[in-house]
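Secondary and tertiary structure notes
Each chain, written out:
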Amino acid sequence: MIHPVIMAGGTGSRLWPLSRQLNPKQFLKLTDSPLSMLQSTVARLDGMSAQEPLLICNEEHRFLAAEQMRQSGHEDSRIILEPCGRNTAPAIALAALQLCESAEGTDPLMLVLAADHLIQDVQAFQKGVEKAIPLAQKGKLVTFGIVPHQPETGYGYIHRGDELSADSYSVDRFVEKPDLETAKTYIASGEYLWNSGMFLFSAKQYLVELEQHRPDILSACRGAMTNISEDLHFIRVNSDLFATCPSESVDYAVMEKTDHAAVVALDAGWSDIGSWSALWDVSEKDQDGNNLRGDVIAQQTHNTLVRADSRLVATIGVDNLVVIETKDAILVAHKDSVQDVKSVVEKIRSDGRHEHMNHREVYRPWGIYDSIDNGARYQVKRITVKPGAKLSVQMHHHRAEHWVIVSGTARVTNGEKTYLVTENQSTYIPIGQVHSLENPGVIDLELIEVQSGSYLGEDDIVRYEDRYGRK
């Protein structure tokens, strides 16, 4: 039976302003599907003989990942939390060590997938996995090579070697992202495949190869897994020991060095959606070549991607553009220049701004808050608390809070008192008062919070009790 391992790290900065550091592209609904990229990856496993997926994600994203897995019907999936990013070779090592620990002497087959890839032909993907299984059972480290349909300079390539079975080959070599002329020669030869970053191999075989080629990575990961802590479905590794691990991709650490690499050719409508132009390429288009989502009026507009998140966006007389509107930022770029979006994110970060970190709407394990307005000594938020959810028992040193209930019922703890507050009622939390907010009802609780004080940062929270394990 296959053990899916889904890597859900990364920030997806090339898809800013939709993708943010605390809400990256793997958790977004980018395509016409109602599912996020992570949820689509999980749904791709339906019908396969597979165990519950094992996720690997950043500590900061744990509640997003857990909630989306719950929505997908996989609330029992376990999630390994990386305290810091160390690329794919260590991430896969953590998963392999965890699977070997729980496999009771067997050698699990790991199907390693990225959470932010698009695959349009799920049946072809599953058939490709089936072809890879006997190779992995023989000790091969199988990667999936995408059959290219045009020269592409944004992907690495795999030069296939001798045929092992139908659509399966030994790997002659991995090659870096080529220039356009080199990519054209690759396509013309018919011997090259795009490197997808998806793999199938046995957990023990991967660890053997890592021991041989990068023992320093394996040693650090083994140390990090010797003193794990678990709460809910989260597996926390030793942060200090994991921080000593070198950062290395699985391609550089293992796949380019091993003598046991194989590749299965996959023609399944794959894309890593690494840029806005890549998303336009795979999106459905109208008669003018446009892909429009949200409240959009497009006149004399052609070959353009428009996302309107919170307001009307109108375009007139434009061609080949990307226009992305969110509540706090707007991107307008030529499709041929979208690879430079990452430099805009770097500029935002270096200027000490915050638009690279999160949206105005921020997801929490208990619900959502939206920062509607703010000034020097005040901030206004619209807060939505899910049924049965509760914010932490907390206190603020520098701010007071007024809560006005818009819909639903709140159970408020305010110092020594606990009471209900319903629609059109309000309550006041003084500075320094221990308090909490809970939704005891069966519908969403919505309220307006007005904060006032000398400091309004999210780090002015002293938590005394929290059901979600936050410090």
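Fair warning: this is a prediction, and the values are worked out from it, not measured in the lab. (Residues numbered from 1 in each chain as written. Predicted model: local features only at pLDDT ≥ 70, side-chain atom pairs only at ≥ 80, totals over all residues. Heavy atoms only, no water.)

1. Some thoughts on helix α4 (residues 122-137)
For α4, spanning 16 residues, the distance from its first C-alpha to its last is 23 Å, which sits close to the expected 22 Å at 1.5 Å a residue. Capping the start of α4 is the job of one residue whose side-chain oxygen sits 3.4 Å from the backbone nitrogen of Q123: D121. After α4 finishes, the residue G139 shows a positive phi value of roughly 95°. (Helix = DSSP H or I, 4+ residues; strand = E, 2+ residues; numbered from the N terminus. Expected span 1.5 Å × (residues − 1). Polar contact = N/O pair within 3.5 Å; in protein donor to acceptor, adjacent residues only side chain to side chain.)

2. Remarks on the nonpolar core
By size, the foremost hydrophobic cluster in this structure holds 46 residues, and its most contacted members are I92, M110, V112, F201, Y206, L210 and C221. Per element, the largest residue contribution to this core is nine residues, and it comes from helix α3 (residues 88-102). Ignoring anything within four residues of it in the chain, the contact list for M110 reads H3, V5, I92, A95, A96, L99, F199, L200, F201 and A203. If you look at the next biggest cluster of nonpolar residues, it comprises 32 residues, including A8, I79, A410 and V421. (Core = buried A, V, L, I, M, F, W, Y, C linked by side-chain atoms within 4.5 Å. Buried < 20%, exposed > 50% of the residue type's maximum accessible area, 1.4 Å probe, protein only. Contact = heavy atoms within 4.5 Å.)

3. Looking at the packing of aromatic side chains
All chains considered together, the criterion is met by eight aromatic pairs. On the numbers, 5.1 Å between centres and 10° between planes, the contact of F201 with Y206 is stacked. Within the aromatic cluster, the residues linked to one another by ring pairs are F63, F234 and Y468. The ring of Y169 has R160 lying over it, and the distance from NZ or CZ to the ring centre is 4.5 Å. Cation over ring: K335 sits above W280, and NZ or CZ is 3.7 Å from the ring centre. (Phe/Tyr/Trp six-rings, centres within 6.5 Å; stacked < 30°, edge-to-face > 60°. Lys NZ or Arg CZ within 6 Å of the ring centre and 35° of its normal.)

4. So, the packing of helix α6 (residues 203-213) against helix α7 (residues 215-225)
As a packed pair, α6 and α7 sit with axes 5 Å apart at the nearest point and diverge in direction by 120°. One finds that α6 runs oblique with respect to α7. Where α6 abuts α7, its residues L207, L210, E211, Q212 and H213 lie against P215, I217, L218 and R222. Classifying every residue of the contact of α6 with α7 gives five nonpolar, two polar and two charged. (Axes fitted to C-alpha atoms, helices over the stretch in contact; angles between N-to-C directions. Parallel < 35°, antiparallel > 145°, perpendicular 65-115°, else oblique. Nonpolar A, V, L, I, M, F, W, Y, C, P; charged D, E, K, R; others polar.)

5. Here we look at the pattern of salt bridges
Within the structure shown, the criterion is met by 26 salt bridges. With a shortest N-O distance of 3.5 Å, D116 and K25 are connected by a salt bridge. Within this pair, whereas D116 is found in the loop between β4 (109-114) and β5 (118-119), its partner K25 is found in the loop between β1 (2-7) and α1 (37-43), the two being separated by 91 residues in sequence. With relative accessibility at 17%, the residue D116 sits in the buried group. A salt bridge links K381 to E458; its shortest N-O distance comes to 2.5 Å. Taken together, the positions of K381 in strand β22 (residues 378-385) and E458 in the loop between β29 (445-453) and β30 (462-465) put the pair 77 residues apart, joining distant regions of the chain. (Salt bridge = Lys/Arg side-chain N within 4 Å of Asp/Glu carboxyl O.)

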